[in-house]
Amino acid sequence: MELNFRDLRRYCKGFLLQCSKLDTITQKSSACHNRVMHAYYADHFVLPLPEGHRFPMAKYRMLRDRIAEHLPGAVLKEALPASDEALARVHGPQYIDAVAHGTLAPAAQREIGFPWSPAMAERARRSVGATLAATRAAWREGVAGNLAGGTHHSYADKGSGFCVFNDVAVAARQAQADHLNDGSGWPLQVAVIDLDVHQGNGTAHIFQGDDSVFTLSLHGARNFPFRKEPSDLDVELPDGCADDEYLHALDQALETLDHRCKPDLVFYLAGADPHVGDRLGRLAVTHDGLESRDRRVFDWAWQRRIPTVFVMAGGYGNDLEDTLQAQLNTWRVAWQYHQRWQNVRP
């Protein structure tokens, strides 16, 4: 059998890194049994949207209220804004400046889908800041999340589809930079598991040709964006796809990911929009199906001791309660796996 020494070296380095992380987390958990999971938000920066705008901005504050009421194991923290330096790890300086000062061309602003306002610019930075903070917390504790985020339609030089800056791409690049600054001799390997119903075209384009980031997108074949970018692994689903077919496709995708990538860090986009009641989803996945999906992803990462950052991505329920229920279920599952990282029974 011919050995692929590049893959073998990457696997060995990843194995040693995971051993060192597991030892650190075990020592920390046995000393303090940290039961709280960090949850970052920026919902108090509300965009002044026109009446009848189809984006459900209220869902973010509603989700924070639900988590505060039903999940005492999550500690809610206001996100700080991402700095220009952090954003510039992915986005061009001209685009960053244009978002900050409201000087995007009208067509570029329309493609984002939000009218410009100071609150829009600030919220975009805070959404990235929340994922940056969650990444640092997950690296220490195993699991942490952003109550928003998952802005995967944003490219390096433009926004699209309600996405201004690409929070996961910025956080991945920042984590890789921090890893190298800590004295590690090899790049941090990252996997993006994007289970929003819409393909993560911006993320795929940003990381094309980059062997240090593996992008996986499981999405509706006939849904937005209609011009898709090639991810490392794209799984297209037919309209009306229900639980069994959806979960089978996910199982196969995770198996492929396992063969092709040995990540040190996972970003999970836990979109609620595959739900049968989502007005932009076109799939037919139930709440039980979405919860099974979440458990598969968190368990896949836990079995390999890979810290996981999760973000909410899309959710546009005809009844907003469906979106909130799906998201709250994701947080409950995440908290259970956070407790496993702490060696504490939930």
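Residues numbered from 1 in each chain as written. Predicted model: local features only at pLDDT ≥ 70, side-chain atom pairs only at ≥ 80, totals over all residues. Heavy atoms only, no water.

Asker: Could you clarify how one ought to interpret the packing of aromatic side chains in this entry?
Answerer: Geometry of an aromatic ring pair is reported as the spacing of the ring centres plus the angle between the planes. Applying the stated rule across the entire model yields 13 aromatic pairs. With centroids separated by 5.1 Å and ring planes inclined at 85°, the aromatic side chains of Phe55 and Phe114 adopt a geometry described as edge-to-face. With Phe55 in the loop between β1 (37-41) and α2 (59-70) and Phe114 in the loop between α5 (106-112) and α6 (118-141), this pair connects stretches of sequence that are 59 residues apart. Each member of the pair, Phe55 as well as Phe114, carries the same accessibility label: buried. Each member of the aromatic cluster is reached from another via a ring pair, and the members are Phe55, Tyr60, Phe114, Phe162 and Tyr316. The ring of Tyr316 has Lys59 lying over it, and the distance from NZ or CZ to the ring centre is 4.9 Å. Directly above the ring of Tyr155 sits Lys158, whose terminal nitrogen or CZ lies 5.0 Å from the centroid. (Phe/Tyr/Trp six-rings, centres within 6.5 Å; stacked < 30°, edge-to-face > 60°. Helix = DSSP H or I, 4+ residues; strand = E, 2+ residues; numbered from the N terminus. Buried < 20%, exposed > 50% of the residue type's maximum accessible area, 1.4 Å probe, protein only. Lys NZ or Arg CZ within 6 Å of the ring centre and 35° of its normal.)

Asker: Please clarify how the pattern of salt bridges should be interpreted in this entry.
Answerer: Pairing is possible between side chains that carry opposite charge, provided their charged atoms lie close to one another. The full count for this structure, using the stated rule, is 17 salt bridges. Lys158 is paired through a salt bridge with Glu111; the nearest N and O atoms lie 3.1 Å apart. A residue pair is termed long-range when its members are at least 10 positions apart, and Lys158 in the loop between β3 (143-146) and α7 (167-181) and Glu111 in helix α5 qualify at 47 residues. Relative accessible area serves as the criterion here: at 30%, Lys158 is assigned to the partly exposed category. For Glu111, a relative accessible area of 33% gives the class partly exposed. Linked through salt bridges whose partners overlap, the residues forming this network are Glu78, Glu122 and Arg126. (Salt bridge = Lys/Arg side-chain N within 4 Å of Asp/Glu carboxyl O.)

Asker: Explanation requested: unusual backbone geometry in the structure shown.
Answerer: Outside of glycine, negative phi angles account for most residues, and trans bonds account for most peptide bonds. Cis geometry marks the peptide bond from Phe224 to Pro225, where omega comes out at -5°. Position of Pro225 relative to the elements: it lies in the loop between β5 (213-220) and β6 (233-237). Positive phi, close to 70°, is recorded for Phe162, a residue that is not glycine. Tracing the chain through its elements places Phe162 in the loop between β3 and α7. The exposure class assigned to Phe162 is buried, which follows from its relative accessible area of 14%.

Asker: So what exactly am I meant to see when it comes to the pairing of strand β4 (residues 190-194) here?
Answerer: As a general feature of sheets, a regular strand has side chains that alternate between the two faces. Most of β4 sits out of view: five of its five residues are buried. Here β4 shows two buried faces, one formed by Val190, Val192 and Asp194 and the other by Ala191 and Ile193. Alignment of β4 against β5, held across five bridges, turns out to be parallel. Within the sheet, the bridge partner assigned to Ile193 lies in β5 and is Leu216. In terms of handedness, the path from β4 via helix α8 (residues 201-206) over to β5 forms a crossover that is right-handed. (Pairing = 2+ DSSP bridges. Right-handed = clockwise from strand over helix to strand, strands pointing away.)

Asker: Help me out: how do you make sense of the sheet that holds strand β2 (residues 74-78) in this one?
Answerer: With parallel pairing, eight strands are arranged side by side in an open sheet as β2-β1-β3-β8-β7-β4-β5-β6. Each edge of the sheet is formed by a strand with only one pairing partner; in this case those strands are β2 and β6. If you compare each strand with its neighbour and ignore which way they point, the axes differ by 15° on average. The strands touched by α7 within the sheet are β3, β4, β5, β7 (265-269) and β8 (308-311), with β7 carrying the most contacts at an inclination of about 170°. (Axes fitted to C-alpha atoms, helices over the stretch in contact; angles between N-to-C directions. Contact = heavy atoms within 4.5 Å.)

Asker: Looking at this model, I keep getting lost on the pairing of β7. Mind explaining?
Answerer: The buried fraction of β7 is high, at five of five residues. Burial along β7 is two-sided: the residues Leu265, Phe267 and Leu269 and Val266 and Tyr268 are all buried. As judged from the five bridges shared by β4 and β7, these two strands associate in the parallel manner. By the bridge assignment for β7, Ile193 is matched with Tyr268. In the sheet, β7 pairs with β8 via four bridges, with the strands oriented parallel. Across the sheet, the residue bridging to Tyr268 is Phe310, located in β8. At this point the chain moves from β7, through helix α10 (residues 287-303), to the parallel β8, and the crossover so formed is right-handed.

Remember, this is a structural readout, not a statement about activity or role.
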